[in-house]
Amino acid sequence: MSIAPPIALLAELTHRCPLSCPYCSNPVELERKETELDTDTWKDVFSQAYDLGVLQLHLSGGEPASRRDLEDLTRHAAQLGLYTNLITSGVGLTPKRLDRLEDAGLDHIQLSLQGTNAALADRIGGYRGGFDRKMKIAREIRDRGIPLTLNAVMHSQNLDDLDRTIEMAVELGARRLEVACVQFHGWALKNRHNLMPSFEQTLAVKKTVAKAAQQLQGVLAFDFVPPDYYADYPKACMGGWGSTGLNVTPNGTVLPCHAAQTLSHLHFDSVRNRHLSDIWYDSTAFNAYRGTDWMPEPCKSCDRKEVDFGGCRCQALALAGDASATDPVCQKSPEHARIKAILQNASPQEDRGFVYRTLDPTRT
Amino acid sequence: MTLVFSASDRPYLPRGVRIQRDAVRDRTVLMAPEKVIELDDIGVAILSRVDGQARFGDIIAVLAATFGAPAETIEKDVQQFLQTLRGRLYVMVKP
């Protein structure tokens, strides 16, 4: 099998974040500041990535603005020729820092949206005042003309505000709105009972997005990530394992996807002791589920095997107990009844409180 | 809003969208927010003329002359190509 070079690198510069969203894509075991890669090591990682064929760099976290060297890292990446995308909550950005980021050559900002009003957004983010600070910096981004995508993470508690979310994206001059329904890994899995949309909400969101995309064509582009438990077929996680992108955690661990550390039987290499190119092409972790040879039935003989690549390995482990099983979201999976059972309990229920993302397990 | 280009429209690549060489894969790509689109020679020929100055009608005329093809055929292809990009806001228009 010939292995194509990766196109994108997700750099989780830090796991520090002022927010504590209960669906955070960071692992449940967060990494501390003391273990983060230093500036020069990150720069070297970006250089290696560019040489390897990476074109798009996502500067993420945690909150990447928690890194004081964000501007310096952005400048290095932009000078290499990487397309630099800042994935941020906006908290920690200031007009002065935007000046420096623009000067450094930042190409695009993806701003997260927890909710359409302060009461809801601050409850989801677990940070009072966060919404107002976000809106202030969002208007600053708009007025500067920095290309902006709004990433609205949607779930049972805010899906009914989708119309207002779309209005806000237009008001903020965003070119793109990502309607990203929560995917249930890590923190989100812990909070699934409080986040899982109902069947009616799932139908409504699809309809609303399709209609708005038509009405707003040329004004706002849409990307829609549906709640995959309700889908007939699984998502093509990462476009196929080890096929398009890689993820580097704050301490330099290189992963095929942000949740891959839940696959505890795999060993993940670090940029501290192995070259990124070696890790991409030759490591056991990146080759574990690459291509289609690893697949079990019903994937192996399925005509969709190169469409969805068997779905998500982390979800297969979490829900079917086997990382090399067909993603149970698939209606052909022998474990699909488990998904049906979870959804039967997904009707609106009393809010039992979130398990907030935190380094300190006593704060829930 | 319609995505169709009129002859007097002046299309351009907005901030955050650019044509770039991809040395590792020996190709030219359009770089956009969280997206890389591979360009063939015709794509490059079209987008290299999309500069916010040239009008859509003029771009068609130049391409028709360059490729020795009927303007109607060229226009159909270019409309389709640029409308797809305009739908994603990778191409915008000055009146």
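So, a few notes on the structure that sits alongside this text. Everything numeric here is computed off the predicted structure, so don't read it as measured data.

1. Side note on the overall build of chain A
Stage number 1. Secondary structure assignment for chain A yields 14 helices and 9 strands.
Stage number 2. Against the globule reference of 21 Å for 364 residues, chain A gives a C-alpha radius of gyration of 20 Å, in line with a compact fold.
Stage number 3. Projected onto its principal axes, the C-alpha positions of chain A cover 55 × 45 × 45 Å.
Stage number 4. With 364 residues in all, chain A has 47% of them scored as buried.
Stage number 5. For chain A, long-range pairs separated by at least 24 residues make up 72% of all intrachain contacts whose partners lie at least 6 apart in sequence.

2. Quick notes on the overall build of chain B
Stage number 1. A tally of regular secondary structure across chain B gives 3 helices and 5 strands.
Stage number 2. Counting helices and strands in the order they occur from the N terminus, chain B gives β-β-β-β-α-α-α-β.
Stage number 3. Along the first, second and third principal axes, the C-alpha atoms of chain B reach 35 × 30 × 20 Å.
Stage number 4. The buried share of chain B, taken over its 95 residues, is 25%.
Stage number 5. In chain B, the proportion of contacts linking residues at least 24 apart, taken out of those at least 6 apart, comes to 51%.

3. Section: the interface of chain B and chain A
Stage number 1. Tallying the contact residues gives 17 residues for chain B and 19 residues for chain A.
Stage number 2. Of all the elements in the fold, those that place two or more residues in the side of chain B that touches chain A are β2 (18-22), β3 (27-32) and α3 (71-87) of chain B.
Stage number 3. A breakdown of the residues in the side of chain B that touches chain A according to their chemical character gives 8 nonpolar, 3 polar and 6 charged.

4. Some points on α3(B)
Residue and element names in this part refer to chain B.
Stage number 1. With 17 residues, α3 should reach 24 Å at 1.5 Å per residue; the first-to-last C-alpha distance of 23 Å fits that figure.
Stage number 2. Against β1 (10-12), α1 (41-47) and α2 (56-67) lie the buried residues of α3.
Stage number 3. In the segment just after α3, Leu 89 is the residue with positive phi, at about 65 degrees.

5. Observations concerning the nonpolar core
All names here are of chain A.
Stage number 1. Leu 9, Leu 57 and Met 154 are the most contacted members of the largest nonpolar core, which totals 110 residues.
Stage number 2. Counting residues per element, this core draws most heavily on strand β5 (residues 148-154), at 5 residues.
Stage number 3. Sequence-distant contacts of Leu 9, defined by excluding residues within four places in its chain, comprise Ala 49, Val 54, Leu 57, His 58, Gly 245, Leu 246 and Val 248.

6. With respect to the sheet that holds strand β9 (residues 254-255) of chain A
The pairing of strands in a sheet comes from backbone hydrogen bonds and takes either a parallel or an antiparallel form.
All names here are of chain A.
Stage number 1. The mixed open sheet is built from 9 strands, whose spatial order is β7-β6-β5-β4-β3-β2-β1-β8-β9. Strands at the two margins of the open sheet, each flanked by one partner only, are β7 (221-225) and β9.
Stage number 2. Bridge count for strand β4 (residues 108-113) against β5 is 5 bridges, and the pairing is parallel. Bridge assignment links Ile 109 to a residue of β5, and that residue is Leu 148.
Stage number 3. Of the strands in this sheet, β2 (56-60) and β3 (83-88) touch helix α2 (residues 70-80), which is tilted by about 175 degrees from β2.

7. Some points on helix α1 (residues 39-52) of chain A
All names here are of chain A.
Stage number 1. Here α1 spans 20 Å end to end across 14 residues, near enough to the 20 Å set by a 1.5 Å rise per residue.
Stage number 2. Within the span of α1, buried status applies to Trp 42, Val 45, Phe 46 and Ala 49. Each buried residue of α1 sits inside an arc of 100 degrees when the element is viewed along its axis, so together they form one side.

8. Structural notes on the environment of Tyr229(A)
Residues and elements named next belong to chain A.
Stage number 1. Counting through the fold element by element, Tyr 229 comes out in the loop between β7 and β8 (245-248).
Stage number 2. Take Tyr 229: there are 21 C-beta atoms within 10 Å of it, and that puts it in the buried class.
Stage number 3. Taking the C-alpha atoms as reference points, Tyr 229 and Leu 216, 13 residues apart in sequence, are found 28 Å from one another.
Stage number 4. Leave out the neighbours within four places in its chain, and Tyr 229 touches Val 329, Ile 339, Ile 342 and Leu 343.

9. Focus on the sheet that holds β3(B)
Residue and element names in this part refer to chain B.
Stage number 1. Judged by pairing direction, the sheet is antiparallel, and its 3 strands sit side by side in the order β2-β3-β4 without closing on themselves. Taken across any chain shown, the strands that pair with only one partner, and hence form the sheet edges, are β2 and β4 (35-39). The mean angle between the axes of side-by-side strands here comes to 35 degrees, regardless of whether they run parallel or antiparallel.
Stage number 2. Direction of pairing for β3 relative to β4: antiparallel, over a ladder of 5 bridges. Bridged to Met 31 within β4 is Val 36.

10. Comments concerning unusual backbone geometry
Stage number 1. Here Gly61(A) and Gly62(A) are connected by a cis peptide whose omega angle stands at 10 degrees.
Stage number 2. Tracing the backbone shows Gly62(A) in the loop between β2 and α2.
Stage number 3. Omega for the bond connecting Glu297(A) with Pro298(A) falls within 30 degrees of zero, at 5 degrees, which places this linkage in the cis form.
Stage number 4. With respect to the helices, strands and loops of the structure, Pro298(A) is situated in the loop between α11 (284-287) and α12 (305-308).
Stage number 5. The phi torsion at Asp26(B) lies on the positive side, around 50 degrees, for a residue other than glycine.
Stage number 6. Counting through the fold element by element, Asp26(B) comes out in the loop between β2 and β3.

11. Side note on the packing of helix α4 (residues 118-125) of chain A against helix α5 (residues 130-144) of chain A
Residues and elements named next belong to chain A.
Stage number 1. α5 packs onto α4 with a crossing angle of 110 degrees between their chain directions and a minimal axis gap of 8 Å. Accordingly, the angle class assigned to the pair α4 and α5 is roughly perpendicular. Contacts from Ala 118, Ala 121, Asp 122 and Gly 125 of α4 reach α5 at Gly 130, Phe 131 and Asp 132.
Stage number 2. Here the contact of α4 with α5 is composed, by residue class, of 3 nonpolar, 2 polar and 2 charged.

12. Regarding the pairing of strand β1 (residues 8-12) of chain A
All names here are of chain A.
Stage number 1. Within β1, 5 of the 5 residues are buried, which leaves the element mostly enclosed by the surrounding structure.
Stage number 2. With burial as the criterion, each face of β1 is covered, one bearing Ala 8, Leu 10 and Glu 12 and the other bearing Leu 9 and Ala 11.
Stage number 3. With 4 bridges joining them, β1 and β8 adopt parallel strand pairing. Across the sheet, the residue bridging to Ala 8 is Gly 245, located in β8.

The rules behind the values
- Just so you know, the residues in each chain are numbered from 1, in the order the chain's sequence is written.
- Lettering of chains starts at A and numbering of ligands starts at 1, both following the order in which they are written.
- Predicted model: local features are reported for residues with pLDDT of at least 70 only, side-chain atom pairs are reported and counted for 80 or more only, and whole-chain, interface and lining totals are derived from all residues.
- The way it works is that DSSP assigns letters per residue, a run of H or I at least four long becomes a helix, a run of E at least two long becomes a strand, and they are numbered from the N terminus.
- This radius of gyration counts C-alpha atoms alone. The globule rule is 2.2 Å times how many residues there are, raised to the power 0.38.
- Counts of 20 or more other C-beta atoms within 10 Å of a residue's own C-beta define buried residues, counts of 12 or fewer define exposed ones, and intermediate counts define partly exposed ones; C-beta atoms are placed from the backbone.
- We call two residues in contact whenever the C-beta atoms placed from their backbones are within 7 Å.
- Residue polarity is assigned by list, with Asp, Glu, Lys and Arg as charged and Ala, Val, Leu, Ile, Met, Phe, Trp, Tyr, Cys and Pro as nonpolar; anything else, Gly included, falls into the polar class.
- Any helix carries an expected span of 1.5 Å times its number of residues minus one.
- As used here, a nonpolar core is made of buried Ala, Val, Leu, Ile, Met, Phe, Trp, Tyr and Cys residues. They are joined through C-beta atoms within 7 Å.
- Two strands make a pair as long as DSSP finds a minimum of two bridges between them.
- Orientation is described by lines fitted to C-alpha atoms, with helices fitted over the stretch in contact, and by angles between N-to-C directions that extend from 0 to 180 degrees.
- Working note: the arc is built from the helix axis to C-beta atom directions.
- Roughly parallel refers to an angle under 35 degrees, roughly antiparallel to one over 145, roughly perpendicular to one between 65 and 115, and oblique to any angle outside these ranges.

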